[in-house]
Amino acid sequence: MAATIEPVSPRELECRKICVERFVFAILYSVAIQFVLLTVFLLLVNFSLFAPVAWVLGTFRLLCSLSTWLAAMPLVSAVIVYGVCLAKAFLADGRYCPTRFQLIYRSIVQKSALLVVNCVVGFLTAWLYTRFLRDDYRVLFLPASENGQFVLNEKYLFLLLGGTFAGVYYFVRSKPERSAVNFPVIQQPRYQQIRAHLYSTVYRSLFTSFAPALVYASFFFTFSCVYFRHKLASTFSGVSLAEESTLASFYAILSDVRLLLYCWILFSQILSSMNLMQDLFHICLTEYRAFPVEKSSLADDREVTLVEALANTQLPIIQQLAALDLFNIAEDSNPTRRSRLYALSIPGGHPYNWRLLSGECIRLIRDYSAELSRSIEGAPQAVGSAIRPEITRLRPTASMDAEKILSKQYNESFGIRSLSTNALPTESTSTPQPDIICKAIDRRLDSLRTSLKNIPGIFYLFGEPKTAKTCHLLSNNSQQIIYISQALASLAARSINEDQFGVVQNDLPLIIRTLVQLKQTIDKVGSIQLDVKKIDRNYAALKAATRRSLYRIAGAFADYLNDIVLEPGDVKALHGFVHYREA
C-alpha cells in the first residue's frame, strides 16, 4: 500500500516561501561577490604604476568580455550548489544529539557534500583566475625545446591544487556555530552590512591566508615527492618532467616569487569568498520582518500572523524572526501595533489577540525552563558553589547515642519491634529471592557499562556529557527566549498607560510566575560547570535579560503588588527586584 503524503498547510508554504526568498537573495549576492573578487584579483595581478589609466581600463575591458563570463559559468554553478547546501544547513531543525556518534551519523551526508563542494569551488576559482596569468602559470603542458615533446607545468599544477587545498582548509577550520543564525544586536540595512563585511573580510583574509599558504607549500612538496609528479607525467604519452629531481622542482617553485605571490592572493580570494557567502546568508536570514498581529478581514489562509510564526517549530528561523518582531513591537516608541494587542475583538469584545500571544509566549518560556531544569540534573557543581542542603550530613554525638539506647530499651520492654531492624525470616534464607537476583544482574550490568566507558574512545563517541543538553539549549534556543521574555515584560509594563481595557491584568500573575521560574532555573545553571566560552556568553545574556524583565515589571507595578494575587514565593522573589537588591 502506497504511503500517503500529508498535505502542507498554506501557512507552512508561506513560511517556506519567506525562507526561500532570503536564500535566493543570498545566492545572488554570492554570485555577484565572485565577480567583485575577480575584479580585485585582476587589479592586483595587472598592477601597473606607470600606466594607471591603461591598467584600470584594461582590467574592466577584460572583465566585461564574453570569454570571461563564459569561463566564469562553472564557478557560478558551483557557487549556486554551495548556496543550496548552505541553505539546507541553515534550515536544519537543530535537534539535540546526545552522543557524538549520533551527531556524526546525522551530519555525515551533509558534511561530505559540503566538503566536496568546497573542493570544487576552490578548484574552479583557481582554474578561472589562472586563465588571466601568463602562459607559465595557466597551461598544464609546456612545449619542450626539442623533439616536439611537452613537459608538465608544475607551477600551474601548484596553483590548481592550491585552490583545492584552500577549500579543504576552510572546511576544516570552519566552526559549527557558523551555521547557527545569530541575530545582531543592532539591526542595520542590508547593503550597509554587505559593504562592511566585504571590506573587512577581504582585508583580513590577506593576513589570515599567509599561514595556510605556507602549510600548503610543504604539503605540495611532500605529496609530489611521494607519488604525484611521476604518476601524472606517466599518465600522458609524450609528457616528461622539467626536473626529474623533486628537490630541484620544489626549489624552482620556492624561488619563483611571482608564483608564491599568486598563490597567496589566490588563497586570500578563496577564503574571502567562502567567508562572504556565510556572512551573506546570515545577513539575509536575520533581516527584520514585520508579521501582522491579526489577520485582516480580506486576507486568505496564506497570511502568517505573529502568533503563528512564534508557534512554528518546523522552521526555527521563522520563530526567531517572530520573536525579534515581538521585541520590536514591545520596545517601539510608536504604540500603533501594541494597541492591536491590547484591543478587544469586534464583535464579542474579547482580548483575543493578547490571549493568543501571551499564551504562546508563556508556553515557550515554560517549556524552555523545564528542559533547562531537566538538563542540569546530575551535572557537576562548579568550584565554589554552595553545598546543597539535602546532601549535608550530621556527625553523631553522645547525646544521640543515648537517645538510641533509651528508645531501644523502651521498645523491647513493650514488645515493639523497630522498623529499622530486619524482620525475622519466614522462609529459608538460603533460597535466592528474585529481587536479589535482579539486583545482582543490575550490578553486573552497571560494572560492565562502567568498564566499557573506560575504554579509550568509547565514551567520546557513545557517551553523553552531563552538560551537553544544557549547552545545546543555551546555544540554540536562548536568543529567542531573551527576546520573548523582555517583550512580555515590556508589554506588561506598558499596559499601565496603554491598556485601556485591562486585558493584561488577569495574566499578570502568570507572567510574573513564569519569569520567576525562569530566573530560578537560570540561577541553578550558574552553579554547574560550563567550560565553553560561547555558552557562558549566552548564559550571561539570558540571565541579564531575565533579571531585566523582572526589574521592568517590579518597577512598573511596585505600588500595586498588594492588589495582584501572587503566590508567596513569587512575592518573596520580587522583593529583591522592588528594592533593587538583585545584581
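Residues numbered from 1 in each chain as written. Predicted model: local features only at pLDDT ≥ 70, side-chain atom pairs only at ≥ 80, totals over all residues. Heavy atoms only, no water.

Peer 1: Can you help me understand the pattern of salt bridges in this one?
Peer 2: Should the charged atoms of two oppositely charged side chains come close, the side chains can pair. For the coordinates displayed, the defined rule picks out 14 salt bridges. Among the salt bridges present, the one from K155 reaches D256, with a minimum N-O distance of 2.9 Å. Of this pair, K155 sits in helix α6 (residues 154–173) while D256 sits in the loop between α9 (246–254) and α10 (257–285), placing them 101 residues apart in sequence. Accessibility expressed as a relative area gives 24% for K155, which makes it partly exposed. In this structure, D570 engages R513 in a salt bridge whose closest nitrogen and oxygen atoms are separated by 3.3 Å. With D570 in helix α22 (residues 568–578) and R513 in helix α20 (residues 508–525), this pair connects stretches of sequence that are 57 residues apart. Residue class for D570 comes out buried when judged on its relative accessible area of 7%. Among the charged side chains, a salt-bridge network with shared partners connects E360, R363 and D367. (Salt bridge = Lys/Arg side-chain N within 4 Å of Asp/Glu carboxyl O. Helix = DSSP H or I, 4+ residues; strand = E, 2+ residues; numbered from the N terminus. Buried < 20%, exposed > 50% of the residue type's maximum accessible area, 1.4 Å probe, protein only.)

Peer 1: Would you mind showing me how to read α22 here?
Peer 2: In an α-helix there are 3.6 residues to a turn, and that puts residues three or four apart on one side. Taken as a whole, α22 has its buried residues at D570, L574, G576 and F577. Seen end-on, α22 carries its buried residues on one side only, within an arc spanning 145°. Away from its buried face by more than 90 degrees, α22 exposes P568 and K572. Once α22 ends, the next one or two residues include Y580, with phi positive near 55°. (Arc of directions from axis to C-beta.)

Peer 1: I would appreciate a short explanation of the environment of L37 in the present structure.
Peer 2: When you line up the elements, L37 lands in helix α1 (residues 10–45). Taking the relative accessible area as the measure of exposure, L37 reaches 1% and is therefore buried. Expressed as a C-alpha distance, the spacing of L37 and S272, which sit 235 residues apart in the sequence, is 8.3 Å. With residues up to four places along the chain from it excluded, the contact list for L37 reads Y129, V202, Q269, S272, S273 and L276. (Contact = heavy atoms within 4.5 Å.)

Peer 1: What am I meant to see in the packing of α1 against α10 here?
Peer 2: Packed helix pairs are specified by the crossing angle of their axes together with the interaxial distance, meaning the distance between the axes. Where α1 meets α10, the axes come as close as 9 Å, and the angle between the chain directions of the two elements is 155°. Taken together, the axis directions place α1 and α10 in an arrangement best described as roughly antiparallel. Where α1 crosses over α10, the two elements pack in a sense that is right-handed. Each residue belonging to the contact of α1 with α10 can be placed in one class, and the counts come to 20 nonpolar, five polar and one charged. (Axes fitted to C-alpha atoms, helices over the stretch in contact; angles between N-to-C directions. Parallel < 35°, antiparallel > 145°, perpendicular 65-115°, else oblique. Left-handed = near helix turned anticlockwise from the far one by under 90°. Nonpolar A, V, L, I, M, F, W, Y, C, P; charged D, E, K, R; others polar.)

Peer 1: Mind showing me how you'd approach the state of the cysteines here?
Peer 2: Think of a disulfide as a covalent bridge from one cysteine sulfur atom to another cysteine sulfur atom. Here the structure, examined in full by the defined rule, presents zero disulfides. In this structure C19 is not part of a disulfide, and its nearest cysteine sulfur, from C15, lies 7.3 Å away. Overall, C19 belongs to the buried group, its relative accessible area being 3%. (Disulfide = S-S within 2.5 Å.)

Peer 1: I keep staring at the side chain of N312 and nothing clicks. Help me out?
Peer 2: Mapped onto the elements, N312 comes out in the loop between α11 (306–310) and α12 (316–331). At a separation of 3.1 Å, a polar atom in the side chain of N312 contacts the main-chain amide nitrogen of Q314. Apart from the residues within four sequence positions on either side, N312 is in contact with E12, C15, I318 and Q319. (Polar contact = N/O pair within 3.5 Å; in protein donor to acceptor, adjacent residues only side chain to side chain.)

Peer 1: Help me understand the packing of aromatic side chains in this model?
Peer 2: Both the distance between ring centres and the angle between the ring planes are used here to describe each pair of aromatic rings. In this structure the tally under the stated criterion is 17 aromatic pairs. Considering the side-chain rings of Y216 and F267, the 5.8 Å spacing of their centres and the 40° angle between planes classify their relative orientation as tilted. Taken together, the residues Y216 in helix α8 (residues 210–235) and F267 in helix α10 connect sequence positions 51 residues apart. As far as burial versus exposure is concerned, Y216 and F267 are alike and both buried. By the ring-pair criterion, three or more aromatic residues cluster together here, those being F158, F165, Y216, F219 and F267. The ring of F25 is capped by R190, whose NZ or CZ atom sits 4.9 Å from the centre of that ring. We note R289 situated over the ring of F291; from NZ or CZ to the ring centre the distance is 5.6 Å. (Phe/Tyr/Trp six-rings, centres within 6.5 Å; stacked < 30°, edge-to-face > 60°. Lys NZ or Arg CZ within 6 Å of the ring centre and 35° of its normal.)

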